Amino acid sequence: MSKASIVREWTRTDGSKCVGGSDDNAKAPPGSLMLYNSLLDEKVPFVPASGPGSKSLSWYTCGPTVYDVSHMGHARNYVTFDIIRRVLEDYFGYNILYVMNVTDVNDKIIIRARRNYLLAKYKEGKHTDAEVKAFAEKAVQNSFAKQRAKLAEAEALVVAANEEQEAAAADKKGVLQRQLNELDGAIKNEAHKLSQIQTALRALGQAGDSDTIYAVASDFVAEELDREQGKSVTDSSIFRAHAAKYESEFTQDMDSLGVRRPDVLTRVSEYMDEIVDYVKKIVDNGIAYESNGSVYFDITNFRACGHTYGKLKPWAVGSSAAEGESNFETSEKRSNTDFALWKASKPGEPFWESPWGQGRPGWHIECSAMASTLIGSRMDIHTGGDDLRFPHHDNELAQAEAFYHNEGCHQWVKYFLHSGHLEIEGLKMSKSLKNFITIREALKSFSARQLRLLFVLQSWNKSMVYGEASRAEMKAREAQLKNFFQNIEVAVRGVDEITSCAKWQAEERDLSQKLQAVQNQVHEHLLDNLNTAAVMDTLSELIKSTNIYLSNKRESASAAAPAQPFLLRKVSTYVTRMLSMFGIVDASWDKPGFADAAGGAGDAKGAVYLDAFAAFRDEVRSLARTQADPKETMTACDRVRDVALVELGVRLEDRPDGKAIWKLDDPAVINAEQQERAKTASEARSFIHGGVQSTEY
């Protein structure tokens, strides 16, 4: 579909409006940083709100809603924007005020905290296995009926949308097709949920004891308990303790992934006065109204005041496929598209005082209020996952423009950046679909460096698949990088840089020119929407060229033309700098290589290496004294290589010339390689043995 079929509004730096696209690209000077701006769905020149020459940026990112554990979909978002932040700060030199919110008051938190509390209380009760099973069956059956109705409703919407699309004028078909695509995605999700309930029903039929029943149906039991008893939960500490627990776990997960902490952290519960004042001003500006103790945003009046609603996802406005809030009292609203700024208190929910009575904030108002408090009426960058485009981010924009209406604000955020989804088995990874892998589970199989590599190798604003192919590529790239740094370390080890020949030959000039070309290419890739995947490909080409250079030098083995350590260090330092910028390398970029596999042992580490050497020496001396068979000495040599040194993270490699080289690596990695080689050798022996047998029959 052409972009022209969707009307988008953009306000330039000088305040003039551009509708339907942007002509700024034609004016972009050479060497401009281009970023994909969701407000236009295209790459545009990046110019700070404070002017082209400014290095100061304001950045607000939507943080977690802390109702459950963090999963790899969250890692995709937060690691991705951590990489972008690092590039902007460490490479382009911007000074960023980085603000992140924590949503600790929200429908999801309230519901989950209430359900967990009620489920725990239910488990404490003296229920027989039969009673638990009967209640669980009722709960799952109710969920099944409810989900089947939701799927039928979604299917009916698709039928109606298809009919509307077929009858629509040509200029409307594009927008309607995008709505259809989203409805199709919604059907896929609803069908997946229904399938999960059916699986639970089958498993429940086989369950006998309470523990097995809870393992299958605890979520359904908790939902049923909440429906029956949720209004009785009045202790506000239950909700706060729940949010605090998962906020703490989220912070720990981000630290484990190497994500930089924000400069400012804003919790909804700590900004309640500012949120109430923010809502009040929007009401005073005539763009919101009170209804039965709740306050709703008036989209009709917002548009009448000259504003545009739905800038980020105009085709989703009014669509039933858009994910909204629960507990929405549509009968209180003047229009179905109006949304809650303040929700009147209900039994079983925490509440705060306001001019409209006891209640709590709507989903979207928190970000507008807290970001405006800290950043003001003009923000450089706002980020979040692609699923937040609508309604959350579009509503944020509308709220802020309504708040600053009398100041003439028509464009609160200059650049909206949205990270692509992380998909698994064709579906977006999400808690609601129960198809997620927690960050902590992932870190049992992969290191933080490997997971960061996984995201660096993908386009930040496009969907990616968490599958075998992407994981295999990540592992291959890490192995290439490790091998590269190890080869450099081996090549420069023991070289007397003062007395050895330092004259460059043609090979050195070629490698130096390759490095300069790569540096220029990397810069161009970063200017082009921070294309980290292309950067990694370019670095890979530099590594291949360096490995060829080292291989040629080893083959010639000429004292008159040795490998040049200064040049090799320059190459490895540059590669390390780029990896450090992405957060892949922890150490300072002027210390080449991975911090966990480069450099010698300190005093504490040195003792274990000396112990291993002493033990090996003792064994060899003993064999010599007893005049043992030379094969036993060779076995001892293999044992120290394959066992003692492996445990110390030393990879000893035999060379054709009879001289061995050592490299440092993760013991687990070396062990895994040994096991794989042993497995391959065993399979080969079995195959040969089987072949011999087959000739005898």
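Residues numbered from 1 in each chain as written. Predicted model: local features only at pLDDT ≥ 70, side-chain atom pairs only at ≥ 80, totals over all residues. Heavy atoms only, no water.

This part covers the overall build of the protein. Looking only at helices and strands, one finds 20 helices and 18 strands in the protein. Across the 697 residues in the protein, those meeting the buried criterion constitute 48%. A total of about 33,000 Å² of accessible surface is found on the protein, and carbon and sulfur atoms cover 51% of it. (Helix = DSSP H or I, 4+ residues; strand = E, 2+ residues; numbered from the N terminus. Buried < 20%, exposed > 50% of the residue type's maximum accessible area, 1.4 Å probe, protein only. Areas by Shrake-Rupley, 256 points an atom, 1.4 Å probe, with all protein chains shown as cover.)

The next point concerns the sheet that holds strand β16 (residues 464-465). Spatially, β15-β14-β16 is the arrangement adopted by the three strands of the open sheet, whose pairing is mixed. Since the sheet does not close on itself, it has two edges, and those belong to β15 (427-428) and β16, each with one partner. (Pairing = 2+ DSSP bridges.)

Glancing now at the state of the cysteines. For the coordinates displayed, the defined rule picks out zero disulfides. C62 supplies the cysteine sulfur nearest to C367, a cysteine that is in no disulfide, at a spacing of 3.9 Å. For C367, a relative accessible area of 1% translates into the label buried. (Disulfide = S-S within 2.5 Å.)

To continue, consider helix α3 (residues 107-124). Working note: α-helix, 3.6 residues per turn, so residues spaced by three or four point in the same direction. Taking 1.5 Å of rise per residue, 18 residues should cover 26 Å, and α3 covers 26 Å from first to last C-alpha, within 8% of that figure. The complete set of buried residues in α3 reads D107, I109, I110, I111, A113, R114, L118, L119 and Y122. Those residues of α3 that are buried are in contact with α4 (129-167), α6 (210-229), α7 (236-256), β10 (339-344) and β11 (359-361). If you check the start of α3, you find a side-chain oxygen 2.7 Å away from the backbone N of K108, and it comes from N106. (Expected span 1.5 Å × (residues − 1). Contact = heavy atoms within 4.5 Å. Polar contact = N/O pair within 3.5 Å; in protein donor to acceptor, adjacent residues only side chain to side chain.)

Evaluation of the coordinates by the stated rule reveals 46 salt bridges. Here D90 makes a salt bridge to R260, at a shortest N to O gap of 2.7 Å. With D90 in helix α2 (residues 72-91) and R260 in the loop between α7 and β7 (264-267), this residue pair connects regions lying 170 residues apart in the sequence. With relative accessibility at 39%, the residue D90 sits in the partly exposed group. (Salt bridge = Lys/Arg side-chain N within 4 Å of Asp/Glu carboxyl O.)

On to the side chain of D104. You can see D104 is positioned in the loop between β6 (95-102) and α3. When near neighbours in sequence (up to four residues on either side) are disregarded, D104 contacts V66, I109, R240, A243, R267, V268 and S269.

This brings us to the nonpolar core. Ranked by internal contacts, the top residues of the largest apolar core, which has 76 residues, are M72, L88, F92, M536, L539, L579 and F582. For M72, the residues in contact, after removing those within four places along its chain, are L422, M429, I437, T438, I439, A442, L451, F455 and Y466. Residues M272, L312, W315 and A398 belong to the second largest nonpolar core, which totals 49 residues. (Core = buried A, V, L, I, M, F, W, Y, C linked by side-chain atoms within 4.5 Å.)

Pairing is antiparallel across the open sheet formed by four strands, whose spatial order is β8-β9-β10-β11. At either end of the open sheet lies a strand with only one pairing partner, and these are β8 (288-291) and β11. Each neighbouring strand pair of the sheet contributes to a mean axis angle of 20°, computed without reference to strand direction. One ladder, built from four bridges, connects β8 with strand β9 (residues 294-297); its direction is antiparallel. Within β9, the position partnered with A288 by the bridge is F297. (Axes fitted to C-alpha atoms, helices over the stretch in contact; angles between N-to-C directions.)

What follows concerns the environment of K123. Mapped onto the elements of the fold, K123 is located in helix α3. In the structure, K123 is positioned 88 residues away from D211 in sequence and 9.9 Å away in space, judged by C-alpha atoms.

Once that is clear, we can look at the packing of aromatic side chains. What the rule picks out here adds up to 17 aromatic pairs. Centre to centre, the rings of F46 and Y415 are 4.8 Å apart; their planes meet at 50°, and the pair counts as tilted. Residue F46 is located in the loop between β4 (42-45) and β5 (56-61), and its partner Y415 is located in strand β13 (residues 413-419); the two are separated by 369 residues in the primary sequence. Taken individually, F46 and Y415 each receive the classification buried, so the pair is uniform in this respect. When the ring of W342 is compared with that of W356, the centres are 6.1 Å apart and the planes differ by 50°; the resulting orientation is tilted. Taken as a pair, W342 in strand β10 and W356 in the loop between β10 and β11 lie far apart in primary sequence, 14 residues in all. (Phe/Tyr/Trp six-rings, centres within 6.5 Å; stacked < 30°, edge-to-face > 60°.)

To continue, consider unusual backbone geometry. Cis geometry is adopted by the peptide bond preceding P391, which originates at F390 and carries an omega value of 5°. Note that P391 resides in helix α11 (residues 389-403). Of note in the backbone geometry, Q627 takes a positive phi value of approximately 50° without being a glycine. You can see Q627 is positioned in the loop between α18 (603-625) and α19 (630-647).

Here the focus is the packing of α4 against α6. Their axes nearest at 8 Å, the elements α4 and α6 cross at an angle of 60°. It follows that α4 is oblique to α6 by the angle criterion. Handedness of the crossing formed by α4 with α6: left-handed. The segment α4 lies against α6, with D129, V132, K133, F135, A136, K138, A139, V140, N142, S143 and K146 engaging S210, I213, Y214, A217, F220, V221, E223, E224, L225, R227 and E228. When the residues that make up the contact of α4 with α6 are grouped by side-chain class, the tally is eleven nonpolar, three polar and eight charged. (Parallel < 35°, antiparallel > 145°, perpendicular 65-115°, else oblique. Left-handed = near helix turned anticlockwise from the far one by under 90°. Nonpolar A, V, L, I, M, F, W, Y, C, P; charged D, E, K, R; others polar.)

Scored by pLDDT, the protein comes out at a mean of 88, with 90% of its residues at no less than 70. Overall, residues 9-26 carries pLDDT values under 50, and its contacts beyond four positions in sequence, including any with other chains, amount to 46 contacts. (pLDDT = per-residue confidence, 0-100.)

Between its first and last C-alpha, α2 extends 27 Å over 20 residues, near the 28 Å set by a 1.5 Å rise per residue. For α2, the buried fraction is high: 17 of the 20 residues fall into the buried class. Positive backbone phi, at 80°, marks G93, one or two positions downstream of α2.

A few words now on the environment of Y122. Inspection of the secondary structure assignment puts Y122 in helix α3. A relative accessible area of 12% places Y122 in the buried class. When the C-alpha positions of Y122 and A222 are compared, they lie 8.9 Å apart, and in sequence the two are 100 residues distant.

The buried fraction of β5 amounts to five of the six residues, a majority that puts the element mostly inside the structure. Sheet analysis places β5 next to β6, joined by six bridges and oriented parallel. Of the residues in β6, the one forming a bridge with W59 is Y98. Where β5 and strand β12 (residues 379-385) come together, three bridges link them in parallel fashion.

The topology assignment puts S540 in helix α16 (residues 532-556). Of note is the side chain of S540, whose polar atom sits 2.8 Å from the side chain of Q480.

On to the environment of G649. If you trace the backbone, G649 turns up in the loop between α19 and β17 (650-654). Note: C-alpha distance between G649 and P667 (18 residues apart in sequence) is 4.5 Å. Excluding anything up to four places from it in sequence, G649 contacts K663, L664, D665, P667 and I670.

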